[in-house]
Amino acid sequence: MKIDFLFLWAEVGVYYEITNTVLNPWRSNLNKLNKTLPHYDKLFKTTDYDLVFTISATQEHKNLVYGPLTLSKRKEVHFSIFIPYKTFSCYTQQMFYVLDTIAEGMIFVFNKYKVDPSGIHEVFETLKTLIAKDPERYQKWLKDLED
């Protein structure tokens, strides 16, 4: 199973600046955990499918996680994580809040399917440590070499 993220900022002015400098190691390190959801392993008859988290921010009070939306033909499972919108005085505080909220949503999904979420929290904590050491680096967009 491959974990991926989409970002949908549906409310005007309600968004977080999550750069590819943050997203790339975050996605890569989560995928190194080699997690799967047995329910979908059975449904798709393979572990070769995508678990996609759509990240959005909202000023409304919403549930943290919505889903799943299962796309059987494409072998994708989608969940949405809604981050309650707040403003912050610095990038580091903003990213800590965003990463903590997304980790909470992901752990909720793994617990829902009775899958040990170990490692997920650690991936986010490691990334938070890197951001704290050099926030300017993680605030910048880098040319994506995968294109």
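Everything in this summary refers to the structure shown in the same document.

What about the packing of helix H1 (residues 20-31) against helix H4 (residues 120-133)?
Piece 1. Between H1 and H4, whose axes approach to 10 Å, the crossing angle comes to 150°. As the angle between them shows, H1 and H4 are arranged roughly antiparallel. Every pair of crossing elements has a handedness; the one defined by H1 and H4 is right-handed. For the pair H1 and H4, contact is made by Val22, Pro25, Trp26, Asn29 and Leu30 and by Ile120, Val123, Phe124, Leu127 and Ile131, respectively.
Piece 2. Partitioned by chemical class, the residues of the contact of H1 with H4 number 9 nonpolar, 1 polar and no charged.

Looking at the packing of aromatic side chains
Aromatic ring pairs: the centre-centre distance and the angle between the two ring planes describe each pair.
Piece 1. Under the definition given, this model contains 15 aromatic pairs.
Piece 2. Ring geometry for Phe5 and Phe53: centres 5.9 Å apart, planes at 25°, overall stacked. Separated by 48 residues along the polypeptide, Phe5 in strand S1 (residues 2-7) and Phe53 in strand S2 (residues 50-58) bring together distant segments of the chain. Here Phe5 matches Phe53 in class, with each residue buried.
Piece 3. Ring plane angle 25° and centroid distance 6.1 Å describe the contact between Phe53 and Phe79, whose orientation is recorded as stacked. With a gap of 26 residues between them, Phe53 in strand S2 and Phe79 in strand S4 (residues 76-84) connect regions that are remote in the sequence.

Some details on the environment of Lys133
Piece 1. By the element assignment, Lys133 lies in helix H4.
Piece 2. Once the C-alpha coordinates of Lys133 and Gly105 are considered, the two residues, 28 residues apart in sequence, prove to be 25 Å apart.

As for the sheet that holds S4
By definition, the strands of a sheet pair up through backbone hydrogen bonds, in either a parallel or an antiparallel sense.
Piece 1. Spatial ordering of the open sheet is given by S1-S2-S4-S3, a layout of 4 strands whose pairing is mixed. On the outer flanks of this sheet lie S1 and strand S3 (65-71), each paired with one strand and no other. Taking the axes of each pair of neighbouring strands and ignoring which way they run, one obtains an average angle of 25° across the sheet.
Piece 2. Looking at chain direction, S3 and S4 are connected through 5 bridges and run antiparallel. Each bridged residue has a counterpart across the sheet, and for Thr70 the counterpart in S4 is Val77.
Piece 3. Set on the sheet, helix H3 (residues 91-112) makes contact with S1, S2, S3 and S4; between it and S4 the angle comes to about 140°.

Parameters at a glance
Every chain begins its residue count from 1, and numbering advances along the sequence as written. Note on the predicted model: pLDDT of at least 70 is required for a residue's local features to be given, and 80 or more for side-chain atom pairs to be given and counted; whole-chain, interface and lining totals, by contrast, use all residues. The basis for the side-chain values is all heavy atoms of the structure; hydrogens and waters are excluded. Each axis is a line fitted through C-alpha atoms, taken for helices only over the stretch in contact, and angles between the N-to-C directions span 0 to 180 degrees. Secondary structure elements follow DSSP: runs of H or I of four or more residues count as helices, runs of E of two or more count as strands, with numbering from the N terminus. Note that the term roughly parallel is reserved for angles under 35 degrees, roughly antiparallel for angles over 145, roughly perpendicular for angles of 65 to 115, and oblique for everything else. Two helices that cross are described as forming a left-handed crossing if the nearer one is turned anticlockwise from the farther one by less than a right angle, and a right-handed crossing if clockwise. Pairs of residues are marked as contacts when any of their non-hydrogen atoms sit within 4.5 Å. Note that Gly is not counted as nonpolar here; it falls among the polar residues with everything else outside the nonpolar set of Ala, Val, Leu, Ile, Met, Phe, Trp, Tyr, Cys and Pro and the charged set of Asp, Glu, Lys and Arg. For this analysis, a ring pair means two rings from Phe, Tyr or Trp (six-membered ring only for Trp) whose centres lie within 6.5 Å, classed as stacked if their planes differ by under 30 degrees, edge-to-face if by over 60, and tilted for the remaining angles. Working definition: with a 1.4 Å probe on protein chains only, accessible area under 20% of the residue-type maximum means buried, over 50% means exposed, and in between means partly exposed. A pair of strands counts as paired when DSSP detects no fewer than two bridges linking them.

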